[in-house]
Amino acid sequence: MNHDQAMMQLAINAAKEGRFLTWQNPMVGAAVVKDGHVLALGHHVKYGAVHAERNAIEKLTPEQLFNATLYVTLEPCNHQGKQPPCSELIIHSKIKRVVIGQTDPHALVTGKGIARLKTAGIEVVTGVLADQAAALNPFYTYFFQHHQPWITLKQAISLDLKLSLPGQRITLSSSAALKQVHFERANYQGILIGSETAIIDDPSLLTTVKSPFPPIRMIIDRRGRLRNHPNLKLLTDGVAPTWIFTQNNQLGNHQWPAHVKVISLADGQLSSVIDYLTDQGIQSLYVEGGRRLHQAFCDAGLGNELITYLAPVTLGANGVPAYQPKAGQLIKPSYQFFGNTIRIQGGIQNV
Ligand code: AOF
Ligand code: ZN
């Protein structure tokens, strides 16, 4: 690693302090360095709060900042959002050189911050540990590049590729695997299930991670079956938002608690749900099933990643089969044991 890379690594490490706190904003880290000395580190502490660059810069005096180098994991912004533009602060601070990890994929920002700094006569270096910097915010990057959320399908299946027994709630995975699921949910901004799963399993869809922005719990209930199940945890617990997507008008007329929002769908297409999520800035979705929902995603060619928990159990002839994926191979599969349950994760080839 050369000096610039080593300093960028410090900024990347600082960015990670914001994990689970920045929600729809990226995790960003910054370091101010002069004469080989790290003078200040900063990171984006929370969604809506001060940007990483400002957090680092504001720790220092004008003398310290004069002629210093700023390392930042993401291109500095040049627009007024919830925060003022960092580009102006950097210029005003008389920083001489700015080293950037990832160019911002956000259309409002991309390239503009770099151009503004250069116009002001600041030396700008881009692409230092760019992949590592982008890996801080894979869903943010994907969302702004593809204008739709990253979609992970998650299933728990038996050795005979069954999900459950008809109409029953059963647990296939080991407790260690269940713990992992509760943890990995926290990486996503939305968790989606079908009405059948909501009614039979009555899940809470919570995470073990304490965050001011828990994932939004979402249910697709085209026919409005939830009207007859108002006591489900998702509809009563008030601990995280719940969104219901439906084509049934009566569902919207029901008096739901404040955490429940009903979204009317003009048609029954999954793509309409995804379009709505995109409009809401939801960058990532964890689809927990059941079978019909996974099948619909698969048939629509939607889904970037598949996570399968495979348990050493057989459910026999009565078992409800898992969804039928298209033929293909997982991209870059990885395998991990959680107790007796194997977690197989990889990218989905959508052709
Ligand atoms: C952050 N934190 O440290 C940096 C960001 O609404 P705003 O004003 O907070 O702007 C959000 C955008 O600002 C974000 O999408 C990204 O393009 C840019 N940089 N954002 O939340 C930071 N440096
Ligand atoms: Zn900024």
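Residues numbered from 1 in each chain as written. Chains lettered and ligands numbered in written order. Predicted model: local features only at pLDDT ≥ 70, side-chain atom pairs only at ≥ 80, totals over all residues.

Participant: For this particular structure, what's the right way to read the overall build of the protein chain?
Facilitator: Across its full length, the protein chain holds 13 helices and 16 strands. Looking at the protein chain as a whole, 42% of its 351 residues qualify as buried. Across the protein chain, contacts joining residues at least 24 apart in sequence account for 71% of those joining residues at least 6 apart. (Helix = DSSP H or I, 4+ residues; strand = E, 2+ residues; numbered from the N terminus. Buried ≥ 20, exposed ≤ 12 C-beta atoms within 10 Å, placed from the backbone. Contact = placed C-beta atoms within 7 Å.)

Participant: What's the story with the sheet that holds strand β1 (residues 29–34) in this structure? I'm lost.
Facilitator: Across a sheet, strands are paired by hydrogen bonds formed along the backbone, either parallel or antiparallel in direction. The strand order across the open sheet built from five strands is β2-β1-β3-β4-β5, with neighbouring strands paired in mixed fashion. Either end of the sheet is taken by a strand with one partner, and the two such strands are β2 (37–43) and β5 (123–125). Adjacent strand axes in the sheet meet at a mean angle of 20°, parallel and antiparallel pairs treated alike. Bridge analysis of β1 against β2 gives six bridges, and the strand direction is antiparallel. Bridging from a neighbouring strand, glycine 29 pairs with histidine 43 of β2. Of the strands in this sheet, β1, β2, β3 (69–74), β4 (97–102) and β5 touch helix α1 (residues 3–15), which is tilted by about 140° from β1. (Pairing = 2+ DSSP bridges. Axes fitted to C-alpha atoms, helices over the stretch in contact; angles between N-to-C directions.)

Participant: Mind showing me how you'd approach the nonpolar core here?
Facilitator: A general trend in soluble globular proteins is that nonpolar side chains are found buried together. In this structure, Ile219, Ile244, Leu285 and Val287 are the most contacted members of the largest nonpolar core, which totals 38 residues. Looking at which element gives the most residues to this core, the answer is strand β9 (residues 216–220), with four residues. In contact with isoleucine 244, other than residues within four places in its own chain, are Ile219, Asp221, Leu226, Leu251, Val260, Val262 and Ile263. Counting residues in each nonpolar core, the second largest holds 37 residues, with Ile12, Ala14, Ala40 and Leu41 among its members. (Core = buried A, V, L, I, M, F, W, Y, C linked by C-beta atoms within 7 Å.)

Participant: Explanation requested: the site of ligand 1 in the structure shown.
Facilitator: Neighbouring ligand 1 are 16 residues; Asn25, Val28, His44, His51 and Gly81 lie closest to it. The residue makeup of the shell around ligand 1, split by class, is seven nonpolar, six polar and three charged. (Near = placed C-beta within 6 Å. Nonpolar A, V, L, I, M, F, W, Y, C, P; charged D, E, K, R; others polar.)

Participant: Teacher, can you tell me more about unusual backbone geometry here?
Facilitator: Of note, the amide linkage connecting glycine 289 to glycine 290 takes the cis form, showing an omega dihedral of 5°. Examined against the element boundaries, glycine 290 turns out to sit in the loop between β12 (284–289) and α13 (291–299). Despite not being glycine, aspartate 35 has its phi angle at roughly 50°, a positive value. Checked against the element boundaries, aspartate 35 lands in the loop between β1 and β2.

Participant: Hey, could you run me through the pairing of strand β15 (residues 331–338) in this one?
Facilitator: A regular strand places its side chains so that they alternate between the two faces of the sheet. Along β15, only zero of the eight residues are buried, which leaves the element largely exposed. Looking at chain direction, β15 and strand β16 (residues 341–347) are connected through six bridges and run antiparallel. Within β16, the position partnered with tyrosine 335 by the bridge is isoleucine 344.

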